[in-house]
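# Structural features, examined
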Amino acid sequence: QVQLVESGGGLVQAGGSLRLSCAASGRVFSIYTMGWFRQAPGKEREFVARIRWSGGSTYYADSVKGRFTISRDTAKNTGYLQMNSLKPEDTAVYYCAADPRYILAQRVADFSSWGQGTQVTVSS
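A short tour of the structure in this document, coming up.

Thresholds applied
Residues numbered from 1 in each chain as written. Predicted model: local features only at pLDDT ≥ 70, side-chain atom pairs only at ≥ 80, totals over all residues. Heavy atoms only, no water. Salt bridge = Lys/Arg side-chain N within 4 Å of Asp/Glu carboxyl O. Buried < 20%, exposed > 50% of the residue type's maximum accessible area, 1.4 Å probe, protein only. Core = buried A, V, L, I, M, F, W, Y, C linked by side-chain atoms within 4.5 Å. Helix = DSSP H or I, 4+ residues; strand = E, 2+ residues; numbered from the N terminus. Phe/Tyr/Trp six-rings, centres within 6.5 Å; stacked < 30°, edge-to-face > 60°. Disulfide = S-S within 2.5 Å.

## So, the pattern of salt bridges
Per the stated rule, a full pass over the model turns up six salt bridges. Here Asp99 and Arg101 are joined by a salt bridge, their closest N and O atoms 2.8 Å apart. Note on Asp99: relative accessible area 3%, which makes it buried. Arg101 gets classed as partly exposed once you look at its relative accessible area, which sits at 41%.

Pasting the structure below:
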């Protein structure tokens, strides 16, 4: 099993930036994909971005493409989500997730390990 802990959330004005971190522990060697999701009040959890833990290839939701960047530091067992040009509609709890399966993980059900979430609030 993999344990994930997010950090870096907070309050920022529209147009600003934040960097979220996801510290992984446990069976980190088993991670194939790390992803970021977000959930706004009253809405379903939605996919934001994913990265292949070893190869580093990335994929983004259209809503964040060009503004957000997912990365990882395998030496530190930590994933990151750099968020630029933030908009009020980016306000949500952001979750880090990981899974060991060799699949194109993008759905909530595709990820077996989850962090507790970190709040991001973008004011207009």
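## Things to note about the nonpolar core
Among the nonpolar cores identified, the biggest contains 35 residues, and Trp36, Leu81, Met83 and Tyr94 are the most heavily contacted of them. Those elements that place two or more of their residues in this core are β1 (2-7), β3 (18-26), β4 (33-39), β5 (46-52), β7 (68-73), β8 (78-83), β9 (92-99) and β11 (118-123). Top contributing element to this core by residue count: β9, with five residues.

## Concerning the packing of aromatic side chains
Think of a pair of aromatic rings as described by two things: how far the centres are apart, and how the planes are tilted against each other in angle. Enumeration over the complete set of coordinates arrives at seven aromatic pairs. With centroids separated by 4.5 Å and ring planes inclined at 35°, the aromatic side chains of Tyr32 and Tyr102 adopt a geometry described as tilted. In this pair, Tyr32 sits in the loop between β3 and β4 while Tyr102 sits in the loop between β9 and β10 (113-114), placing the two residues 70 residues apart along the sequence. Take Tyr32: its relative accessible area is 24%, and that puts it in the partly exposed class. With a centroid separation of 6.2 Å and 70° between ring planes, the pair formed by Phe111 and Trp114 is classed as edge-to-face.

## Comments concerning the state of the cysteines
Inspection of the entire model under this criterion finds one disulfide. Paired through a disulfide, Cys22 and Cys96 show a sulfur-sulfur distance of 2.0 Å. Sign of the S-S torsion, about -75° for the bond between Cys22 and Cys96, identifies this disulfide as left-handed. Taken as a pair, Cys22 in strand β3 and Cys96 in strand β9 lie far apart in primary sequence, 74 residues in all. By the burial criterion, Cys22 is buried, and Cys96 matches it.

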